[in-house]
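# Understanding the architecture of this molecule
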Amino acid sequence: MEGSARTAFTLRTPMSDDLPESTDSVHFARYLSGEASDAERQQLEAWVEADPERGQMLAQLTSVWETSEKQSPAPDVGRMWQEVALRAGIPSAPVSSAPAWYRGQSLLRFAAVLAATVGLSFMLSESQNREAISQQTVESVTVALGERSRIDLSDGTQVTLDAGSTLTYPARFGASLRQVTLEGEGYFEVASDPLRPFVVRARNARIQVLGTRFDVRAWDRGERVEVAVVEGKVSLDEARASDDTGVIIAAGQVGVLRDMGRPEAPRSVDTSRYLDWMRDEMAFDDTRLGEIVYRLERWHGVRFEFEEPAMAEERVALHVSSRSLDEVLEVIAALTGLSCDHEDGVVRLSTH
């Protein structure tokens, strides 16, 4: 990927380090009841000492264990044993066969600890599903000014990024969701996978698809996110929306989500105009001059200066099939009557 910078970092869950095989709710109950062996106790204490947050969790479990001793004078030991055995993955057996610390009040306390560990993300499923990824490498690619870059994701999806854009994505997607974050503009060719929706987060937008081709435009200087669909359908919604306020955008349509707003009704467009940047072209219809020069800054690594701020608000229709900055400046000068002086990486627009 020429013209791009790649960085990688690791996201760690609270359970990210290797957890001892026996460190589940049963292990905690044995520890709290004093029934754990020296090896089990040392193993758990070493695991807790490796992360201050684990010490806080163990303190909460200790409090639950001690409090639960006083809460129920006559528990149904038989019924509770069957429920605890089921939750703990222990073959169903008569209560007489349960370890001593499972019986009576200790069983009640164990049940409380079992519930508490669920709330603290110490679920038994964590220890029983060791194949789940506990630490995830995240890649971040930023495209240099004047360049483009194509990224192949682990699921077969291909993303083409425009100059100055950044894509953040996991090295490997999870079992139920494929999610990436975009800053700038990118064209997505999403590999079909009905069991794992593909989600793009961009500014205040959440775009979800199963398999399709579409362009997302979400520049930090803009006031909106635009999604142009070339093939298939996508859902566009405000990222923090709690209700079903999204819109479905079909092929040949563009959807817009403005800052602090809700998605607008999709409209039919010539989507090829949204992909002009992939062909080294510029196509704008009734667009602010300030937005046009922002693209030129990314493409050519220059800085634009307006003699008067109001000049940036002038609206222009522009279609240029050349990456030559001088040719584009000549067209802008002809359309606006402005003078475009280019020197030492700075383009000054003025009325003289």
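Figured I'd write up the structure that's included with this text. (Residues numbered from 1 in each chain as written. Predicted model: local features only at pLDDT ≥ 70, side-chain atom pairs only at ≥ 80, totals over all residues. Heavy atoms only, no water.)

### Some thoughts on the overall build of the protein chain
Looking only at helices and strands, one finds eight helices and 19 strands in the protein chain. When each of the 352 residues of the protein chain is scored for burial, the buried share is 43%. Taking as baseline every contact in the protein chain between residues at least 6 positions apart, the subset at least 24 positions apart corresponds to 53%. Carbon and sulfur atoms make up 47% of the accessible area of the protein chain, which totals about 17,800 Å². (Helix = DSSP H or I, 4+ residues; strand = E, 2+ residues; numbered from the N terminus. Buried < 20%, exposed > 50% of the residue type's maximum accessible area, 1.4 Å probe, protein only. Contact = heavy atoms within 4.5 Å. Areas by Shrake-Rupley, 256 points an atom, 1.4 Å probe, with all protein chains shown as cover.)

### Quick word on the nonpolar core
Side chains that are nonpolar tend, in soluble globular proteins, to be buried together. Core analysis: the largest hydrophobic core is formed by 30 residues, its most contacted members being Leu-167, Phe-188, Phe-214, Val-216 and Val-227. If we skip the residues at most four places from it in the chain, Leu-167 touches Glu-139, Ser-140, Val-141, Ile-151, Leu-153, Val-159, Leu-161, Val-180, Thr-181, Leu-182 and Phe-188. Tyr-187, Leu-289, Met-311 and Leu-329 belong to the second-largest nonpolar core, a separate cluster that totals 25 residues. (Core = buried A, V, L, I, M, F, W, Y, C linked by side-chain atoms within 4.5 Å.)

### Focus on the sheet that holds strand E16 (residues 303-306)
What the three strands build is an open sheet, ordered E16-E19-E18; its pairing is mixed. What marks the edges here is a single partner per strand, and that holds for E16 and strand E18 (339-343). Averaged over all pairs of adjacent strands, the angle between their axes in this sheet comes to 20°, without regard to strand direction. Looking at chain direction, E18 and strand E19 (residues 346-350) are connected through five bridges and run antiparallel. What sits directly across from His-342, in E19, is Val-347. On the sheet, helix H8 (residues 325-336) packs against E16, E18 and E19 and is oriented at approximately 160° with respect to E18. (Pairing = 2+ DSSP bridges. Axes fitted to C-alpha atoms, helices over the stretch in contact; angles between N-to-C directions.)

### Thoughts on the pairing of strand E4 (residues 158-161)
Pairing between strand E3 (residues 149-152) and E4: four bridges, direction antiparallel. In the sheet register, Ile-151 faces E4, and the bridge partner there is Val-159. Relative to strand E6 (residues 178-189), E4 is paired through four bridges, and the arrangement is antiparallel. The residue of E6 that forms the bridge with Leu-161 is Gly-186.

### So, the packing of aromatic side chains
The full count for this structure, using the stated rule, is four aromatic pairs. Ring centres of Phe-173 and Phe-198 lie 6.0 Å apart, and the angle between their planes is 70°; this geometry places the pair in the edge-to-face category. Here Phe-173 is found in the loop between strand E5 (166-170) and E6, whereas its partner Phe-198 is found in strand E7 (residues 198-202), with 25 residues between them in sequence. With respect to class, Phe-173 is no different from Phe-198; both count as buried. Ring geometry for Phe-188 and Phe-198: centres 6.2 Å apart, planes at 65°, overall edge-to-face. Taken together, the residues span a long stretch of sequence, with Phe-188 in strand E6 and Phe-198 in strand E7 at a distance of 10 residues. Phe-188 gets classed as buried once you look at its relative accessible area, which sits at 0%. Three or more aromatic residues link up through ring pairs in this structure, and these residues are Phe-173, Phe-188, Phe-198 and Phe-214. The aromatic ring of Tyr-294 is capped on one face by Arg-298, whose charged end is 4.9 Å from the ring centroid. (Phe/Tyr/Trp six-rings, centres within 6.5 Å; stacked < 30°, edge-to-face > 60°. Lys NZ or Arg CZ within 6 Å of the ring centre and 35° of its normal.)

### Considerations on the environment of Gln-158
Locating Gln-158 in the fold gives a position in strand E4. Residue classification places Gln-158 among the partly exposed residues on the basis of a relative accessible area of 24%. In this structure, the C-alpha to C-alpha distance between Gln-158 and Ala-191, residues 33 residues apart in sequence, is 7.9 Å. Excluding residues that lie within four positions of it along the chain, Gln-158 makes contacts with Arg-150, Ile-151, Asp-152, Tyr-187, Phe-188 and Glu-189.

### Some points on H8
With 12 residues, H8 should reach 16 Å at 1.5 Å per residue; the first-to-last C-alpha distance of 16 Å fits that figure. Restricting attention to buried positions, one finds in H8 the residues Leu-325, Val-328, Leu-329, Ile-332 and Thr-336. Along the axis of H8, the buried positions cluster into a sector of 100°, meaning they face one direction only. For H8, the exposed residues lying more than 90 degrees away from the buried face are Glu-330 and Ala-334. Of the surrounding elements, those touching the buried residues of H8 are strand E15 (282-288), helix H7 (289-300), E16, strand E17 (315-320), E18 and E19. Just downstream of H8, Gly-337 is the residue with a positive phi angle, here 75°. (Expected span 1.5 Å × (residues − 1). Arc of directions from axis to C-beta.)

### A short note on the pattern of salt bridges
One pass over the structure, following the stated rule, counts 19 salt bridges. For Glu-231, the salt bridge is made with Arg-213, and the minimal N-O distance between the two is 3.4 Å. Separated by 18 residues along the polypeptide, Glu-231 in strand E10 (residues 224-231) and Arg-213 in strand E9 (residues 213-218) bring together distant segments of the chain. Overall, Glu-231 belongs to the partly exposed group, its relative accessible area being 41%. Two residues, Arg-315 and Asp-286, come together in a salt bridge whose shortest N-O distance is 3.2 Å. (Salt bridge = Lys/Arg side-chain N within 4 Å of Asp/Glu carboxyl O.)

### Observations regarding the side chain of Thr-336
The residue Thr-336 is located in helix H8 in this model. By relative accessible area, which is 15% here, Thr-336 ends up buried. Of the polar contacts made by the side chain of Thr-336, one reaches the backbone nitrogen of Leu-338; its length is 3.2 Å. Apart from residues lying up to four places away in sequence, Thr-336 is in contact with Leu-289, Glu-314 and Val-316. (Polar contact = N/O pair within 3.5 Å; in protein donor to acceptor, adjacent residues only side chain to side chain.)

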